[in-house]
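Report on the structure
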Amino acid sequence: MARVHIIGSGLAGLASAVELAQAGRDVSIYEMAGQAGGRCRSFFDETLGRTIDNGNHLLMSANHGVRDYLRSIGSHGRFWSPREAAYPFFDLETQERWTLNIDKGAFPRWIFKPGSRVAGTRPWHYLSGIRLPFAGAERTVDECLNRAGPLYRRFWEPLTVAALNTHPSEATAKLLWRVMAETFAKGGAGCVPMVAREGLGPALINPAIATLEKLGVKIHFGTRLRDVKFSSAEKNRGGKGRATALVFSDDTGIGTINLAADDNIVLAIPPVPAAGILPGLIAPTQSRAIVNAHFRVARPLTSKDEVEFLGLIGGDADWLFMRDDIVSVTVSAADVIANWSSKTIEQALWRDTAFALGLDEQDLVAARIIKEKRATFAQTPEQTARRPGPVTNWSNIVLAGDWTNTGLPASIEGTIRSAIAASRALPM
Ligand SMILES: Cc1cc2nc3c(=O)[nH]c(=O)nc-3n(C[C@H](O)[C@H](O)[C@H](O)COP(=O)(O)OP(=O)(O)OC[C@H]3O[C@@H](n4cnc5c(N)ncnc54)[C@H](O)[C@@H]3O)c2cc1C
């Protein structure tokens, strides 16, 4: 039977593999790292003595691609959600606290309720987003918003940075609107936060590996694709060239795989290595960082089964996620902070954390800083225009990954949808 060779076992590679193997295709996966998950992974950290994620990942109930994926790997029960679409915030400068509480219907009644909307705002302030749906592909978020007033600092700026990992002064307005249209425009039903209860590995990665094992799919770890050999366009269907061989780095033992006439490839690796392997591929070239600090504290902050989170305004930290005795702090669009030393980051983020949660120096048991310098591509208009679709110039290669042109930001939802689009674009 024709085989599908999937390169990369991040979420894009795993979701393609599950989709294809469940449809009866013969699938193999090749992953350069020693574990699956890529930018979405859990691991045991010796310093903390706890299993942690590389970084906090927040999903929303409107993410239907993710929900389908969770069903396909039998993992829908592994997420924690509050009962309502409620997002608590704390302003470190003014010490105000509020909860953004998006009620159920599509009509945004919450805007008219002082206890549900952003503190210090008035209903008419929300009209500042009226130009977003009409933004052209070349517009940034800031070009479509009124930056005066508290709504920008307490809503638009943190929302853009969290959703696009890019500051609103350079972030693509169209991508932000797509997020709004798929979540806020659906009301509270689409905005309920979802957080992996025991972490990303147990929720999104390990159940996929178990599902694939049952379907006979092997993941070859420590196997880096180094090169692809091609045949010329004239000899092949549709006037396109095709890949004839996959060349892996020497130390894996796999060496070169010569492809049969009906073999196909899903290239599910990040844009820079993909462009290094596929001649002429136009893909994003710039990225933005996310920094996470994980603090183990002296006493549990939540019950075992629960996760709590808090948005911060006016400090270095953006979001705190509390799970048992670990507080994980996220800073997105963090290219400046990522260049600080780990000690400096620890001190700055602990200061914000301790202040927001009423902790002091004695509460800090251990800290771990994780810098993901290429967390996502830079979601600017210029880089967004470089996103390719799943189909390539080669008849038997398709692309999957959060950087491909899904119309969504680089996110788990975008990744899963890219994987489904890539799988369906493969010749049968
Ligand atoms: C800190 C952080 C926080 C985030 N927070 C959120 C969030 O809150 N919500 C959200 O929706 N998204 C979030 N994201 C984004 C999300 O994690 C990504 O969109 C998603 O994981 C991308 O998956 P992928 O499979 O496209 O890429 P990757 O995870 O990068 O997977 C690519 C895989 O390919 C492998 N590989 C690379 N080159 C080769 C090669 N030559 N040969 C073989 N294998 C190779 C890599 O080792 C990797 O395993 C966050 C990302 C980070 C880093």
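Residue positions are given per chain, counting from 1 as you read along its sequence in written order. In keeping with the predicted nature of the model, local features appear solely for residues at pLDDT of at least 70, side-chain atom pairs appear and are counted solely at 80 or more, and the whole-chain, interface and lining totals rest on all residues. As a rule here, side-chain values come from all non-hydrogen atoms in the structure, and water together with hydrogens is ignored.

**Some remarks on the site of the ligand**
Neighbouring the ligand are 33 residues; Glu31, Arg39, Leu58, Asp402 and Ile412 lie closest to it. At a separation of 3.2 Å, a nitrogen atom of the ligand approaches a polar backbone atom of Met32. Between the ligand and the protein, one listed contact pairs an oxygen atom with a backbone N or O atom of Leu58 at 2.7 Å. Only the protein chains shown count as cover for residues, and all accessible areas are computed by the Shrake-Rupley method using a 1.4 Å probe. For the ligand, the protein covers 92% of the area, taking 1000 Å² as the surface of the free molecule. Only DSSP runs of H or I reaching four residues or more are called helices, and only runs of E reaching two or more are called strands; each is numbered from the N terminus. Elements with a minimum of two residues in the shell around the ligand: helix 1 (11–22), strand 15 (287–297), strand 19 (364–377) and helix 11 (412–425). Distances are taken per atom, and a residue is near a molecule or strand as soon as one of its heavy atoms is within 4 Å of it. Identification of polar contacts relies on pairs of N or O atoms within 3.5 Å, with a donor-acceptor requirement for protein atoms, meaning one able to donate a hydrogen and the other able to accept it, and with residues adjacent in sequence counted only if both atoms are side-chain atoms.

**Comments concerning the domain arrangement of the protein**
Here the bounds of each domain stem from an automatic or database domain assignment. When the domains of the protein are assigned, the result is domain 1 (3–41 + 202–285 + 380–425) and domain 2 (103–186). The C-alpha centroid of domain 2 is placed 34 Å from the C-alpha centroid of domain 1. Two residues qualify as a contact provided that any one of their heavy atoms is within 4.5 Å of a heavy atom in the partner residue. Tallying the contact residues gives nine residues for domain 1 and 14 residues for domain 2. What counts as buried area is the accessible surface, traced by a 1.4 Å probe, that two parts surrender upon association, with contributions from both included. Buried area between domain 1 and domain 2, both sides added, is near 790 Å², and the carbon and sulfur share of it is 58%. It is Thr380, Pro381 and Pro409 that lose the most area in domain 1 upon contact with domain 2, and together they represent 57% of the buried surface on that side. A carboxyl oxygen of Asp or Glu within 4 Å of a side-chain nitrogen of Lys or Arg is what we treat as a salt bridge. Applying the counting rule to domain 1 against domain 2 returns one salt bridge. Notably, a salt bridge pairs Glu182 with Arg417, separated by 2.6 Å at the nearest N-O pair. The nonpolar class holds Ala, Val, Leu, Ile, Met, Phe, Trp, Tyr, Cys and Pro. Asp, Glu, Lys and Arg form the charged class, and all remaining residues, Gly among them, are polar. Considered class by class, the residues forming the side of domain 1 that touches domain 2 number three nonpolar, four polar and two charged.

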